[in-house]
Amino acid sequence: MSAPEVTYKPGDFKTDLKPVWCPGCGDFGVLNALYRAMASLSLEPWNTVILSGIGCSSRLPGYVATYGFNSVHGRALALATGVKVARPDLTVIAVGGDGDGMAIGGNHLMHSCRRNLDVTYILMDNEIYGLTKGQTAPTTPTGDKTKSSYWGNPEPAVDPVELAISTGATFVARGFSGDLKNLTAMIQRGIEHRGFSFINVMSPCVTWRGDSQYQLLKAKLQELPEDYDPTNRASAVKYTRETDVLTTGVLYEAGGPTIGDRVEHIRMMAQEGGKVPTTREILERFMPSM
Ligand SMILES: Cc1ncc(C[n+]2csc(CCOP(=O)(O)OP(=O)(O)O)c2C)c(N)n1
Ligand code: SF4
Ligand SMILES: [Mg+2]
């Protein structure tokens, strides 16, 4: 007899911790969308891990009743890689901010994309360092005044979606924290996707970017055309570096082996008749005189 299937409600994933985010912070919307997506997928809390770096957004694992770890600035994906290698059977979700993922953690994003690590990464993009009180981040638009750029940000901004597509992520989406319905569907699809799923969520910081950030983002929102083909990489790139509009939806989705598949293939080759060299033979390759 098979075990009865457990169903969950979004509230089942709440912990006793009350989020310490400022009232009106966009991250509340992301958390709610995640609760809903997890409930619709009936994710078992004991088989799910949520990892983050450091930042306001990186507090999220504490608010979800799964295994989780609020780790070190920029290292959410390094931890996610380790968990997935040790326990490929688990659902692994990484979360964090634009500073965490695009500045100090930028190289981890690039390598997770190209490896097609089977992890879902939700980036809460408020275009600012929120926790440390409003300094310029890699996604801060050029010219914007911040606590660390009084005369306006002199740097060109990065588009995380463009970066993810160009470095090999096999699922790339852009969402808005104020659009719960579409964001929930996007996160659900990202978790279901086999391979690296990158979801860049525009998530306003009311404290350091003001109310205008929410209004500005909302006014620019547009959805992908109904006949949009997400398997076409070139079409996906056309929706990056937008200025007057902000297109949300799943921009790119492709198949392909994950890094886990590739390593497993090598393991099988080594086991099935492949000659495994001895330590001495390996050393002799470097020191022929041995
Ligand atoms: C190695 C290291 N460098 C810098 C910091 C300081 N620091 C903490 S959070 C943060 C940036 C947070 O910005 P973001 O990742 O965008 O998250 P947000 O607070 O905006 O959600 C920085 C620079 C740190 N904790 N560790
Ligand atoms: S400082 Fe900004 S990002 Fe941090 S909790 Fe407040 S509104 Fe959210
Ligand atoms: Mg930020």
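Structure: above.
Reference entry: report on the structure contained in this document.

**Description of the coordination of the magnesium ion (ligand 3)**
Here comes step 1: The coordination sphere of the magnesium ion (ligand 3) contains the protein donors Asp98 (OD), Asn126 (OD1) and Ile128 (O), at a distance range of 2.1 to 2.3 Å.
Here comes step 2: Binding-site remark: the magnesium ion (ligand 3) is held by donors from one chain whose sequence spacing is D-x27-N-x1-I. Within this pair, whereas aspartate 98 is found in helix 3 (residues 98-104), its partner asparagine 126 is found in the loop between strand 4 (120-125) and helix 5 (160-167), the two being separated by 28 residues in sequence. Here aspartate 98 matches asparagine 126 in class, with each residue buried.

**Side note on the site of ligand 2**
Here comes step 1: Neighbouring ligand 2 are the residues Trp21, Cys22, Cys25, Cys56, Asn126, Cys205, Val206, Thr207 and Trp208.
Here comes step 2: Within the shell around ligand 2, the residues separate by chemical class into 7 nonpolar, 2 polar and no charged.

**Details of the site of ligand 1**
Here comes step 1: Every one of the 16 residues lining ligand 1 counts as a neighbour, but Cys56, Ser57, Gly99, Asp100 and Gly130 are closest to it.
Here comes step 2: Separating an oxygen atom of ligand 1 from a backbone N or O atom of isoleucine 128 is a distance of 3.1 Å.
Here comes step 3: Take leucine 131: an N or O atom from its main chain is 2.9 Å from an oxygen atom of ligand 1.
Here comes step 4: Compared with its free state, where it exposes 590 Å², ligand 1 has 74% of that area covered by protein.
Here comes step 5: Broken down by element, the residue count for the shell around ligand 1 peaks at 4 residues, all from helix 3.
Here comes step 6: Considered class by class, the residues forming the shell around ligand 1 number 6 nonpolar, 8 polar and 2 charged.

**So, unusual backbone geometry**
Here comes step 1: With a phi angle near 55°, asparagine 116 is a residue other than glycine that sits in the positive phi range.
Here comes step 2: Mapping asparagine 116 onto the fold places it in the loop between helix 4 (106-115) and strand 4.
Here comes step 3: Its identity is not glycine, yet glutamate 127 carries a phi of approximately 60°, on the positive side.
Here comes step 4: With respect to the secondary-structure elements, glutamate 127 resides in the loop between strand 4 and helix 5.

What counts and how
- Residues numbered from 1 in each chain as written.
- Chains lettered and ligands numbered in written order.
- Predicted model: local features only at pLDDT ≥ 70, side-chain atom pairs only at ≥ 80, totals over all residues.
- Heavy atoms only, no water.
- Donors = N, O, S within 2.8 Å, 3.2 Å for Na, K, Ca; no water.
- Helix = DSSP H or I, 4+ residues; strand = E, 2+ residues; numbered from the N terminus.
- Buried < 20%, exposed > 50% of the residue type's maximum accessible area, 1.4 Å probe, protein only.
- Near = heavy atom within 4 Å.
- Nonpolar A, V, L, I, M, F, W, Y, C, P; charged D, E, K, R; others polar.
- Polar contact = N/O pair within 3.5 Å; in protein donor to acceptor, adjacent residues only side chain to side chain.
- Areas by Shrake-Rupley, 256 points an atom, 1.4 Å probe, with all protein chains shown as cover.

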